[in-house]
Amino acid sequence: MKKRIALICLLLVGMIMNGAYAQSRTDSFFKTGDKISFIGNSITHSGDFHHYILVYYATRFPELNISVYNLGIKGDNANSFLRRMDADIIPKKANWSIIMAGMNDVNRSLYAAERQGDTDIQTRKERALRDYRNYYETVIQRLLKTKTKIILQKPSIYDQTGDLPVPNLMGVNDALKKCTGIIDELAKKYKLQVIDYWTIMAQLNKQLQQKDPKATIVGNDRVHPGPVGNFVMAHQFLKSTSAPTSVSAIEIENGAVKNSSYVVVKDLSVKDGTITFKAKEESLPFPMPQEAEPALALVPFAEELNKQSLKIGGLTEGSYTLTIDGTFIGNFTAQNLENGINLSNFKNTPQYKQAVKVLQQAILYRNTQRKVRDLKFVEFSYLPENLWNGDFNGIKAFMDNYLSFMQTSNDARYPNFKKVFDDYLKDKPSQRMFEKQIDSLAGVIYTTNRPKEHTFQISKSDLNMPDRSKAPFGVNLAGAEFAHNKIPGIYAKDYIYPTIDELDYFKSKGMTLIRIPFLWERLQHELGGELDQLELQRLMTIVDAARERKLWVILDMHNYGRRYVNGTREIIDSENLPIAHVADAWRKIATEFKGKDNIWGYGLMNEPHDMLKPNSWFNIAQACINKIREVDQKTPIMVGGDSWSSAERWMEFSANLKNLVDPSKDLIFEVHIYFDEDASGTYKRSYDEEKADPNIGIKRATPFVKWLNENNFRGFVGEYGVPDDDPRWLVALDNFLTYLTKNNLNGTYWAAGPWWNKYRLAIEPKNDVDRPQMVILEKYNYTEQPRK
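Residues numbered from 1 in each chain as written. Predicted model: local features only at pLDDT ≥ 70, side-chain atom pairs only at ≥ 80, totals over all residues. Heavy atoms only, no water.

### As for the environment of Asn 79
With respect to the helices and strands, the residue Asn 79 is situated in helix α4 (residues 78-83). A sequence separation of 22 residues divides Asn 79 from Ala 101, and the C-alpha atoms of the two residues are 9.6 Å apart. (Helix = DSSP H or I, 4+ residues; strand = E, 2+ residues; numbered from the N terminus.)

Structural data, given as structure tokens:
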């Protein structure tokens, strides 16, 4: 027996010495197999805040296999919960029932300005709060009889302080605050836990509106939180239920494992200054949804709930490159690594990419649950109780009669009711299928989320950018310029910046030059004003990520010689948009980016065209050059041509650009070349109908190349691209790129980016499969000759 104990001790010591010991994950609030019902109104019905909670649990606790039920119904109040208790809530047999009510219980219509003179208005407001308390307590009592555990959630706020576009029902949020007091009383009486959304959202809303009165933590309707507000709610729930901070922690000191929490580390080796080891974590990092990312400026989620720590001590001074499974993650100083880095902040790790797949399945799960809740909404809100489980024909007959009565009585609500009922009748036959999909998706989530073993490597970095003498080819990563008519637009809904994955993918294909289109209006909201710091940070982040990968970047103002001013799209050099304003914008942009040594050039303007005066574009370009050179004398300036930067029409519209004066003598002239008949790049017809031929690109480039050679200028082709549906286009592309390299022109293909979907020219991979054009593009990495 003593020998056995000694052997076990030796094995444990050996495991610890080799880093194979890990602290086991037992820090979950919910337990294995728990069923959790979120009961509420439209904010619950939408499914977003508890969707984020589910994603947290699915990534942090992959073995728990918990079930999250959406039991929200838009428009509901505590009394409505009682009405559907036996039909909808109790049948779930949940281990946890998490309740939120209040927004509808206070009866917001009582706070309309025109009703404040009613003699009984105060009495009715007080009665609504009394009813809220009584119904809410009855809900608690009914649920307690089922032996479910209960958590009470204080309601989110009604924004009665923001300068928002809908009427302000002053006093609603004060009533909601009284609801929070009622919840505290009931929680104390029944010994229940409370999640307080109201207080944190009120605090953050006040903080936002001190900077911008039009900002809000909820939506412009003053009621429904968007992704940011829902994420704040999820953060508050997780903090209030003591959700753990750590994803995992690895600490290596002087070539040995000093600590490993929630991870098994093995096969550690140090050779020629390179550290290599394998690690299998018990959790995945939380994958931050793009639409909710602005919430990270409001709540310290990464620090409090998403720490995936890696510490490496004992390194000599210098910069080190971290790779995981051969994927470049980042460059870090020895001090950075000694202090520790949070890997959950890096979206290019294999662990994060796996977590994104979990998120994608969870989104499908949320959306499918939402479809079922939409059906339940119609049933509980419009159908008599005897039809809640009635046959389809009986429900249809009831709806037909209801709509007929509304139509004959000229009820103004008829169009809305008809749409709601039509949607119900369309989707109701699929309800069983939806419910099966929900069960199936839950299973997929809990197979997709199982962590895998990964190989880490830390080695000395080579940080020097490539020599500029060889001009690289690359790609336009589009998205930030999308929805140009929605100004400034909503990030991650109307427009998007490139991802780290895209940088890594295109670098792996030998494409080391990235043209990034952006909109002037988004970067500088007001003419002559300061640059928007949030938008600047988005652009700066992708530039810095490219620098880490030793990729060149072109900043492309994608405005076509125009911008919106007070809602109207104005042409530069008009009365409402003087040239000085675009020059001012470029001076401010150059001030921010002049220290970045991976800027290939400042792209003054994408495809200016139909300008107001014969020399407008020349004068605009010269003014921008002058202002940029006041602050940055080193970065090349890229000048596109008039008439959509056409190479064919260069001599007609842009030959005068040879007279531009750059004090630094560092201009690059830019053209765009497409192979369809009108050279627009729309490719509306087939190869034959577009009258294309194998050398069409060469023919269109020739006038520009001749002009460059005659004037000893440098050139660049900022956009070119072909469809993916006819191999003859690829032949034309191949011939064109051969011609460019022989004539010392590099370029960027149009286009890639996360939102191109079915765009025929796109070279964004589909389901990790290369697009047909990539076979040609991979052949051309640099021009054949040194740059002049």
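### Quick word on the packing of aromatic side chains
Overall, the coordinates contain 48 aromatic pairs when judged by the stated rule. Aromatic side chains Phe 49 and Tyr 197 sit 5.9 Å apart centroid to centroid with 70° between the ring planes, which places their arrangement in the edge-to-face category. Within this pair, whereas Phe 49 is found in helix α3 (residues 48-60), its partner Tyr 197 is found in helix α8 (residues 197-211), the two being separated by 148 residues in sequence. Taking relative accessible area as the criterion, Phe 49 reaches 0% and is therefore assigned buried. Residue classification places Tyr 197 among the buried residues on the basis of a relative accessible area of 0%. Ring centres 5.0 Å apart and planes at 70° place the aromatic pair Phe 231 and Phe 301 in the edge-to-face group. Of this pair, Phe 231 sits in helix α9 (residues 227-240) while Phe 301 sits in helix α10 (residues 301-305), placing them 70 residues apart in sequence. Of the aromatic side chains, those joined through ring pairs into one cluster are Phe 29, Phe 30, Phe 38, Phe 49, Tyr 56, Tyr 57, Phe 61, Trp 96, Tyr 197 and Phe 237. A cation over a ring is seen here: Arg 468 above Trp 600, with NZ or CZ 4.6 Å from the ring centre. Against the face of Trp 520 rests Arg 563, its NZ or CZ located 4.8 Å from the ring centre. (Phe/Tyr/Trp six-rings, centres within 6.5 Å; stacked < 30°, edge-to-face > 60°. Buried < 20%, exposed > 50% of the residue type's maximum accessible area, 1.4 Å probe, protein only. Lys NZ or Arg CZ within 6 Å of the ring centre and 35° of its normal.)

### Description of the environment of Leu 403
Tracing the chain through its elements places Leu 403 in helix α13 (residues 392-408). The sequence separation of Leu 403 and Val 55 amounts to 348 residues, and the corresponding C-alpha distance is 41 Å. Sequence-distant contacts of Leu 403, that is, excluding residues within four places in its chain, are made with Tyr 414, Phe 417, Lys 418 and Phe 421. (Contact = heavy atoms within 4.5 Å.)

### Notes on the pairing of strand β3 (residues 96-100)
Buried residues dominate β3, accounting for five of its five residues. Side chains Trp 96, Ile 98 and Met 100 of β3 all project onto a buried face; the interleaved residues Ser 97 and Ile 99 project onto the opposite face, where all are buried too. Relative to strand β4 (residues 149-154), β3 runs parallel, the two being bridged by five bridges. Residue pairing in the sheet places Ile 99 in a bridge with Leu 152 of β4. Regarding the hand of the β-α-β motif, the stretch spanning β3, helix α6 (residues 121-144) and β4 is right-handed. (Pairing = 2+ DSSP bridges. Right-handed = clockwise from strand over helix to strand, strands pointing away.)

### What about the layout of surface pockets?
Approximately 600 Å³ is the volume found for the second largest pocket. Taken together, 28 residues make up the lining of the second largest pocket; nearest its centre are Tyr 560, Glu 607, Trp 644, Ser 680 and Glu 719. Split into classes, the residues belonging to the lining of the second largest pocket amount to 11 nonpolar, nine polar and eight charged. (1 Å grid on protein atoms, 1.4 Å probe; cavity = no way out; pocket = protein on both sides within 12 Å on 5 of 7 lines; lining within 4 Å. Points joined across faces, edges and corners; volume = space filled by probe spheres on them. Nonpolar A, V, L, I, M, F, W, Y, C, P; charged D, E, K, R; others polar.)

### Some details on the sheet that holds β4
Pairing is parallel across the open sheet formed by five strands, whose spatial order is β2-β1-β3-β4-β5. Looking at which strands have only one partner, the edges of the open sheet turn out to be β2 (67-72) and β5 (193-196). For this sheet the average axis-to-axis angle between neighbouring strands, irrespective of direction, equals 20°. Contacts from α8 reach β3, β4 and β5, with the element oriented near 15° to β5. (Axes fitted to C-alpha atoms, helices over the stretch in contact; angles between N-to-C directions.)

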